[in-house]
Amino acid sequence: MRKVPLLFIFLLVLLTGCTNAQEDNKTVKVIGNPDANEVLSLDLDANIFMFGDLIYITGIDWVDELVLTPDEEIGEIKKQTSIAEDFFNGTSNVLSVGTKIYSSKERGDILLVKINGAVLKYYALVEG
């Protein structure tokens, strides 16, 4: 008979000790698409622009090897800045204001920019 209350007390102490006392201080980590601040903090020389709430980057070897055809003009660079916090849609850190942005016939995750007869391929940085 004595063993039942002792077993109950032991289980109660065990369960109490296994709870997380700091549960109210949880930190929530939100994972999302990279922003200009994240990209430029990893590579100050990255050539990026923001379009459609996504950051696009050029200079990726496998993307540069793709054969892509410019389709429709979908926008242009409206602002040039190296300050990551000032990025919004139409902002670039390298491309000049007025540079036209084109969709690609072959891929939806790559946008194209024509500069001095060359076509630069910009890949959308997305999480997952």
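Residues numbered from 1 in each chain as written. Predicted model: local features only at pLDDT ≥ 70, side-chain atom pairs only at ≥ 80, totals over all residues. Heavy atoms only, no water.

Draft legend 1. Fine view of the nonpolar core. Core analysis: the biggest nonpolar cluster contains 11 residues, these being Ala-36, Val-39, Leu-40, Ala-46, Ile-48, Met-50, Ile-55, Ile-57, Ala-84, Phe-87 and Leu-125. Sorting the residues of this core by element identifies α2 (36-42), β1 (48-51) and β2 (54-57) as the ones contributing at least two each. With 3 residues, α2 is the single largest residue contributor to this core. The residues touching Ala-84, leaving out its near neighbours within four places in the chain, are Ala-36, Asn-37 and Leu-40. Counting residues in each nonpolar core, the second largest holds 10 residues, with Tyr-56, Ile-77, Leu-95 and Val-113 among its members. (Core = buried A, V, L, I, M, F, W, Y, C linked by side-chain atoms within 4.5 Å. Buried < 20%, exposed > 50% of the residue type's maximum accessible area, 1.4 Å probe, protein only. Helix = DSSP H or I, 4+ residues; strand = E, 2+ residues; numbered from the N terminus. Contact = heavy atoms within 4.5 Å.)

Draft legend 2. Focus on the pairing of strand β6 (residues 100-104). The buried count for β6 comes to 4 of 5 residues, which makes it a mostly enclosed element. Here 4 bridges tie strand β3 (residues 70-76) to β6, and the two strands are oriented antiparallel to one another. Bridging across to β6, Gly-75 finds its partner in Ile-101. Here β6 runs beside strand β7 (residues 110-115); their pairing, made up of 2 bridges, is antiparallel. Within the sheet, the bridge partner assigned to Ile-101 lies in β7 and is Val-113. Where β6 folds back onto β7 in an antiparallel hairpin, the turn is made up of 5 residues. (Pairing = 2+ DSSP bridges.)

Draft legend 3. Structural view of unusual backbone geometry. One non-glycine residue, Asp-53, lies in positive phi territory at about 65°. Relative to the helices and strands, Asp-53 resides in the loop between β1 and β2. Judged by relative accessible area, which is 57%, Asp-53 ranks as exposed. With a phi angle near 50°, Asn-116 is a residue other than glycine that sits in the positive phi range.

Draft legend 4. Seen up close, the packing of aromatic side chains. Per the counting criterion, the structure on display carries 3 aromatic pairs. Ring centres of Phe-49 and Tyr-56 lie 5.4 Å apart, and the angle between their planes is 15°; on these two criteria the pair is classed as stacked. Across the pair, Tyr-56 and Phe-49 agree in class, each one buried. The interplanar angle of 70° and the centroid separation of 5.2 Å between the aromatic rings of Trp-62 and Tyr-123 together place this pair among those described as edge-to-face. You can see Trp-62 sitting in helix α3 (residues 61-64) and its partner Tyr-123 sitting in strand β8 (residues 118-125), a full 61 residues away along the chain. One aromatic cluster is present, formed by Phe-49, Tyr-56 and Tyr-122 through successive ring pairs. Sitting over the ring of Tyr-102, Lys-114 keeps its end group 4.7 Å from the ring centre. (Phe/Tyr/Trp six-rings, centres within 6.5 Å; stacked < 30°, edge-to-face > 60°. Lys NZ or Arg CZ within 6 Å of the ring centre and 35° of its normal.)

Draft legend 5. The pattern of salt bridges, seen in detail. The full count for this structure, using the stated rule, is 2 salt bridges. Between Glu-76 and Lys-100 there is a salt bridge, with the nearest N and O atoms lying 2.9 Å from each other. In this pair, Glu-76 sits in strand β3 while Lys-100 sits in strand β6, placing the two residues 24 residues apart along the sequence. Among the residues examined, Lys-100 registers a relative accessible area of 31% and is labelled partly exposed. (Salt bridge = Lys/Arg side-chain N within 4 Å of Asp/Glu carboxyl O.)

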